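Architecture and fold: a report
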Number of protein chains: 2
Amino acid sequence: MGWGDLGVFGEPSKETPNLDQMASEGMLFLDFYTANPLCSPSRAALLTGRLPVRNGFYTTNAHARNAYTPQDIVGGIPDSELLLPELLKKAGYTNKIIGKWHLGHRPQFHPMKHGFDEWFGSPNCHFGPFDNRALPNIPVYRDWEMIGRYYEDFKIDLKTGEANLTQIYLQEALDFISKQQASQQPFFLYWAIDATHAPVYASKHFLGTSQRGLYGDAVREIDDSIGKILKHLQKLGISENTFVFFTSDNGAALISAPKQGGSNGRFLCGKQTTFEGGMREPAIAWWPGHIPAGGVSHQLGNVMDLFTTSLSLAGLQPPSDRQIDGIDLLPAILQGKLIDRPIFYYRGNEMMAVRVGLYKAHYWTWSNSWEEYSKGVDFCPGQNVSGVTTHTQEEHTALPLLFHLGRDPGEKYPLSFASDEYQRAMEQISVVVRQHKVTMVPGEPQLNVCDKAVMNWSPPGCEKLGKCLKQPKSDPKKCIWPH
Amino acid sequence: MGWGDLGVFGEPSKETPNLDQMASEGMLFLDFYTANPLCSPSRAALLTGRLPVRNGFYTTNAHARNAYTPQDIVGGIPDSELLLPELLKKAGYTNKIIGKWHLGHRPQFHPMKHGFDEWFGSPNCHFGPFDNRALPNIPVYRDWEMIGRYYEDFKIDLKTGEANLTQIYLQEALDFISKQQASQQPFFLYWAIDATHAPVYASKHFLGTSQRGLYGDAVREIDDSIGKILKHLQKLGISENTFVFFTSDNGAALISAPKQGGSNGRFLCGKQTTFEGGMREPAIAWWPGHIPAGGVSHQLGNVMDLFTTSLSLAGLQPPSDRQIDGIDLLPAILQGKLIDRPIFYYRGNEMMAVRVGLYKAHYWTWSNSWEEYSKGVDFCPGQNVSGVTTHTQEEHTALPLLFHLGRDPGEKYPLSFASDEYQRAMEQISVVVRQHKVTMVPGEPQLNVCDKAVMNWSPPGCEKLGKCLKQPKSDPKKCIWPH
């Protein structure tokens, strides 16, 4: 989902009344980012509070490449990483993930081996349908075991766009919340639903209800579901004791637009890129009785902050034996403070850009290669900023391209290198970048090796269902990451 | 000002708290248009309720050209046109225009000859400073007479961007409203301020206060002024008896962005074009106690509707001896009805595009010529949709380019000509267009002839000020309209 998909962020159809109301009852973050323009690294960053280059969710197979966890990925979240649910356990929290895990699907990466007490959802995205020969369909787990597969037991009709997955995930959330409230146990619910990723779907009740087509139907269903979750918290009388945060893991996938992809408003490009459209996210904090209603924050925020902020809410400290990139947002949320901190934009282990205050400096620019672009892979459809949305990897480390995101949120007008403003801003930014690079200790890259043998052939529980598939011979190879 | 310049429409700095509040207390129009992508024709349409091609505010000098009322224009609003204030007089209204008139500056076009009782402002835009030899500075009028000139008596500092014009126009508005309330006279105030047109200015108090630079400072000053006007109405106890509508006369001038031009959000291109960025406008209706607070309307609206709606509010009927294009919006505003009506997008006397429901069909596409574009005149900076933002005039009358503005508000993905959806939509649209063209009776074009002799050399009142300038010999010529 992209920044521009919400009514409150100017989507012209204005079809997200529940999220808009969530914002009017809570706090809207206008300058909130993901840690990576792609799903898996972004989610690993959220749960570890650390940049992907530190927690291992990146590749070194080629320069400045986005990578994630497809079915044949060998790597996943390292045991050495401390995940938010692992830490929350110390404060007595019950942790549940509903939806897409995406931090590795081999046994050692199972979310319940990394702090979650319950899981309902899938390890990978709902790509398919596959033939279970060249590629197995993606399993859906309940806790330790697979209970079915997408397209087989969990239907997705690609012709009509109908699937009731979001309704299933909603019901799981409501049930979990009820159970926790009944047992008076504190809880962490990571509602990481699989929509609105392509192939896009919505349940029957929402099909055809949006001005925006199928993608809009999916957004409306999510909006409706979030409204139901918030009302459920209120009905149970625990809304003033429950912190809720809504955001997305990357910008809208413009490559799939308009039928299967959303909007990043007026920001440049989308998912896969380190322009604002790829990494600036819709973000709303909600906590009635604590967060002033209708608040708006210009705090530079990041999904990694949810790690540190959640620990803070639970009265816990973040680990002190490692670099944590997330900050505690509570002073921004509860007292309206502005905390000075940079935002880093990475592809692979290359820092492509950095934001300091309202300035954003691009040290590298790249949308994708001419080769991919000529095949129709376009991350910036209808947009073309000369020298900025480049199709070759352009190095600007000696003289970064600088934008003022207040005057120019669309990254269309680089500042003149000769201007005083450029000089002053870059002096400040250079210090931040130097310090960042000097102290950077990259983790072991997890997204380098792919092997068909590690795919979801026989997840635990497959015997009971008669759904164990034949695993091919192991043949590990470097994964190909074209972008 | 553009659609994307307001916080409530997703401007990322969210710096228009008063307009956002006006929307939350009133009704936001998401699908509201101007009648032309340029100032003068748009304003003539607002005041006559008629398309520029009917009221004469267009040119036939070349095909599909935008035209307005620069200093050397010979034409202006014809006497045969009935303006809103002329009609409101019949219901006892006192009518005042504050700010830019722009419907012709020769004596016969004076706003007080066309129904206004009072005027404070200028006949043309605040271009300058001029040398008063080749070009005179633009006069500022109080009622019948010039009381000074821009840059001379009404300072605009182009270096610092400082000018207190908006403050002066605000004070005029507050005074007029107070006077009318004191005398218990109904009033029509046309607060047609000159900002945010380039060269952009703001008063000292607002300079440097926006994240968006000088343009944002100007927007903030307008926002603040509107807040003060609304509060004034409330303080005087007449807010429940006063209908207020906020909108703009064309999309943001992207040619002047980012320093001197605003944002059209995610819409394509800007001022001068018949893409959404050129003609979709921010629009808010406010009338406490009558309009439900926080309402949102998808009614297709147009500035011309303000003519008919205002007459309706005053209990008057629109003239029946001519074609009126504006509709009465009150059923949409007060009862939430959706009235079926098309939107026409013109350049000169060429119907470039039409919107029917969520479909928009382009019969002609053109941004500007290669010649102008090569000189740096770019109405779509950073945007380029192949075959759509064309630099030659492309005729599509046989097979119009069709967009679905719900799925594709950015006009990036024309529908396939072969699709059933295209066929169905075009059948419906063709009927609307045929009917429109058959009944169209163009007015006498007013914007064809230019003559240096008609410039603001010696406006009435110049003698008292010693500001009469020498008028050159008359030499009427065809005006050059490059776009």
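Residues numbered from 1 in each chain as written. Chains lettered and ligands numbered in written order. Predicted model: local features only at pLDDT ≥ 70, side-chain atom pairs only at ≥ 80, totals over all residues. Heavy atoms only, no water.

1. Structural notes on the state of the cysteines
Counted by the stated rule, this structure contains 6 disulfides over all chains. The disulfide partner of Cys-462 of chain A is Cys-468 of chain A, and the S-S distance across this bridge is 1.9 Å. With the S-S dihedral at roughly 90 degrees, the linkage between Cys-462 of chain A and Cys-468 of chain A falls on the right-handed side. For Cys-468 of chain A, a relative accessible area of 36% corresponds to the partly exposed category. Residue pairing for Cys-450 of chain B: its cysteine sulfur links by disulfide to Cys-479 of chain B, the two sulfurs lying 2.1 Å apart. One quick way to see it: the torsion about the S-S bond of Cys-450 of chain B and Cys-479 of chain B is about 105 degrees, and its sign makes the bridge right-handed. In this pair, Cys-450 of chain B sits in strand S19 (residues 449–450) while Cys-479 of chain B sits in the segment after strand S20 (477–478), placing the two residues 29 residues apart along the sequence. (Disulfide = S-S within 2.5 Å. Buried < 20%, exposed > 50% of the residue type's maximum accessible area, 1.4 Å probe, protein only. Helix = DSSP H or I, 4+ residues; strand = E, 2+ residues; numbered from the N terminus.)

2. Points about helix H1 (residues 17–25) of chain B
The complete set of buried residues in H1 of chain B reads Asn-18, Leu-19, Asp-20, Met-22 and Ala-23 of chain B. Looking at the packing, one finds that the buried side of H1 of chain B touches strand S1 (27–29), helix H6 (214–235), strand S8 (244–247) and strand S10 (283–286) of chain B. (Contact = heavy atoms within 4.5 Å.)

3. A look at unusual backbone geometry
Of all residues except glycine, most have a negative phi; of all peptide bonds, most are trans. In this chain, Gly-128 of chain A is followed by Pro-129 of chain A through a cis amide linkage whose omega measures -5 degrees. Note that Pro-129 of chain A resides in the loop between strand S4 (118–122) and strand S5 (139–142). In this structure, Ala-64 of chain A takes a positive phi of about 60 degrees despite not being glycine. Along the chain, Ala-64 of chain A turns up in the loop between helix H3 (52–55) and helix H4 (84–88). With phi around 85 degrees, Gln-272 of chain B is a residue other than glycine that occupies positive phi space. With respect to the helices and strands, Gln-272 of chain B occurs in the loop between S8 and helix H7 (276–279).

4. Here we look at the sheet that holds S1 of chain B
Residue and element names in this part refer to chain B. With respect to topology, 4 strands assemble into an open sheet ordered S8-S10-S1-S11, the strand pairing being mixed. With one partner strand each, in any of the chains shown, S8 and strand S11 (295–297) form the two edges of the open sheet. Taking each pair of neighbouring strands and ignoring which way they run, the sheet shows an average axis angle of 20 degrees. Along the sheet, H1 contacts S1, S8 and S10; its crossing angle with S10, the most-contacted strand, is approximately 60 degrees. (Pairing = 2+ DSSP bridges. Axes fitted to C-alpha atoms, helices over the stretch in contact; angles between N-to-C directions.)

5. Remarks on the interface of chain B and chain A
Counting residues at the interface gives 36 residues for chain B, matched by 36 residues for chain A. Approximately 2,900 Å² of surface area, both sides summed, lies buried where chain B meets chain A, with 61% of it carried by carbon and sulfur atoms. Three residues, Pro-12, Gln-211 and Arg-266 of chain B, lead the burial of chain B against chain A; their summed loss comes to 22% of the area buried on that side. At the junction of chain B with chain A, the criterion picks out 2 salt bridges. A salt bridge links Glu-11 of chain B to Arg-266 of chain A; the nearest nitrogen and oxygen atoms lie 3.9 Å apart. Residue classes in the side of chain B that touches chain A are distributed as 16 nonpolar, 13 polar and 7 charged. (Buried area = accessible area lost by both parts, 1.4 Å probe. Salt bridge = Lys/Arg side-chain N within 4 Å of Asp/Glu carboxyl O. Nonpolar A, V, L, I, M, F, W, Y, C, P; charged D, E, K, R; others polar.)

6. Structural notes on the UniProt feature "domain: Sulfatase N-terminal" (unreviewed entry) in chain A
The UniProt record marks residues 1–315 of chain A with the feature "domain: Sulfatase N-terminal" (unreviewed entry), using the residue numbering of this structure. In the segment residues 1–315 of chain A, helix accounts for 26% and strand for 15%; the C-alpha atoms at its two ends are 31 Å apart. (UniProt positions renumbered as here; feature names shortened; annotations may be inferred.)

7. A short note on the sheet that holds strand S18 (residues 401–404) of chain A
All names here are of chain A. Pairing in this open sheet of 4 strands is antiparallel, and the strands run S13-S14-S15-S18 from one edge to the other. Edge positions in the sheet fall to strand S13 (343–347) and S18, since each has one partner strand and no second. Each neighbouring strand pair of the sheet contributes to a mean axis angle of 20 degrees, computed without reference to strand direction. Of the strand pairs in this sheet, strand S15 (residues 359–362) and S18 are connected by 4 bridges, and their pairing is antiparallel. Bridging across to S18, His-362 finds its partner in Leu-401. Running at roughly 125 degrees to strand S14 (residues 350–356), helix H11 (residues 420–438) makes contact with S13, S14, S15 and S18 of the sheet.

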